[in-house]
Amino acid sequence: QVQLVESGGGVAQAGGSLRLSCAAAGRLRNWMDMGWQRQDPGKERELVALITRDDASTYVDSVKGRFIISRDGAKNTVYLEMNSLKPEDTAVYYCYLRASMLKINTYWGQGTQVTVSG
């Protein structure tokens, strides 16, 4: 099993910055990638950014150039630095981790609210 604990988030003004953290614990040997998805009420959940164990990163177009995903392998923690925030970034952000054992399993954090005021 894998446990994900998120921290960070909160309220920021447009143009401001926030940082999310996601600490993973448990059976992590076969992890494939970690990242963040977000969901605003009435909208579908979307992938924001992910990072692989080879440190390759992927971003949704709307956050490219503004968000940076990184990880600290020693702490089993992934970070999402969010800069130049926009009101449309407002959502609940969920950390996830995918691991491959007999099959690919996806684990989720509890979610953290990010609110950007215009």
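Given the structure is predicted, the values throughout are model-derived calculations rather than measurements.

Engineer: How should the environment of T90 be read in this particular structure?
Structural biologist: Its location among the elements puts T90 in the loop between β8 (77–82) and β9 (91–100). Spatially, the C-alpha atoms of T90 and I51 are 22 Å apart, while their sequence positions differ by 39 residues. Setting aside anything within four residues of it in sequence, one finds T90 in contact with D40, Q113, V114, T115 and V116. In terms of polar contacts, T90 uses its side chain to reach the backbone amide nitrogen of V116, at 2.9 Å.

Engineer: What am I meant to see in the confidence of the model for the chain here?
Structural biologist: As a general rule, the predicted coordinates of low-pLDDT regions are not to be interpreted in detail. Taken as a whole, the chain shows an average pLDDT of 95; of its residues, 100% reach a score of 70 or greater. No element of the chain has a lower mean pLDDT than strand β10 (residues 104–108), at 94, and none a higher one than β8, at 98.

Engineer: Help me out: how do you make sense of the environment of R19 in this one?
Structural biologist: By the secondary structure assignment, R19 is in strand β3 (residues 18–26). Each C-alpha atom of the pair R19 and E81 lies 4.5 Å from the other, and the pair is 62 residues apart in sequence. Setting aside its immediate chain neighbours within four residues, R19 contacts S7, G8, G9, Y79, L80 and E81.

Engineer: Is there a simple way to think about the side chain of S21 in this case?
Structural biologist: Among the structural elements, S21 can be located in strand β3. In this structure S21 comes out as buried when scored by relative accessible area, which is 14%. Residues contacting S21, with those up to four places away along its chain left out, are V5, E6, S7, W36, T77, V78 and Y79.

Engineer: Would you take a moment to explain the sheet that holds β8 for this structure?
Structural biologist: Sheets are built from strands paired through backbone hydrogen bonds, the pairs being either parallel or antiparallel. The strand order β1-β3-β8-β7 describes an open sheet built from 4 strands, whose pairing is antiparallel. In this open sheet, the two strands that pair with only one neighbour each are β1 (2–8) and β7 (67–72). Going across the sheet, the axis of each strand differs from the next one's by a mean of 15°, ignoring polarity. Where β1 lies against β3, 7 bridges are found, and the strand directions are antiparallel. Counterpart to V5 in the pairing with β3 is A23.

Engineer: Which parts of the structure should I look at to understand the pattern of salt bridges?
Structural biologist: As a working rule, side chains carrying opposite charge can pair if their charged atoms are close by. Applying the stated criterion across every chain yields a total of 6 salt bridges. Among the ionic pairs, E46 bridges to R38, the shortest N-O distance being 2.6 Å. R38 gets classed as buried once you look at its relative accessible area, which sits at 6%. The salt bridge partner of R71 is D55, with a shortest N-O separation of 2.7 Å. Highlighted residues: R71 in strand β7 and D55 in the loop between β5 (46–52) and β6 (57–59), separated in sequence by 16 residues. Salt bridges sharing common partners tie together R38, E46, R66 and D89.

Parameters at a glance
Every chain is numbered independently, its residues counted from 1 as its sequence is written. Restriction of local features to residues with pLDDT of at least 70 applies here, the model being predicted, together with a cutoff of 80 or more for giving and counting side-chain atom pairs; totals for whole chains, interfaces and linings are based on all residues. To obtain the side-chain values, all non-hydrogen atoms of the structure were included, while hydrogens and water were left out. Only DSSP runs of H or I covering at least 4 residues are called helices, and only runs of E covering at least 2 are called strands; the numbering of each starts at the N terminus. Contact definition: two residues touch when any of their heavy atoms are within 4.5 Å. For this analysis, a polar contact is any N or O atom pair within 3.5 Å, provided that within protein one partner can donate a hydrogen and the other can accept it, and provided that sequence-adjacent residues contribute only side-chain to side-chain pairs. Scored from 0 to 100, pLDDT records how confident the predictor is in each individual residue. Buried, partly exposed and exposed residues are distinguished by accessible area as a fraction of the type maximum, computed with a 1.4 Å probe on protein chains only: under 20%, between the cut-offs, and over 50%, respectively. We treat two strands as partners when DSSP finds at least two bridges between them. Inter-axis angles, ranging from 0 to 180 degrees, are taken between N-to-C directions of lines fitted to C-alpha atoms, where helices are fitted over the stretch in contact. By definition, a salt bridge exists where a carboxyl oxygen of Asp or Glu is found within 4 Å of a side-chain nitrogen of Lys or Arg.

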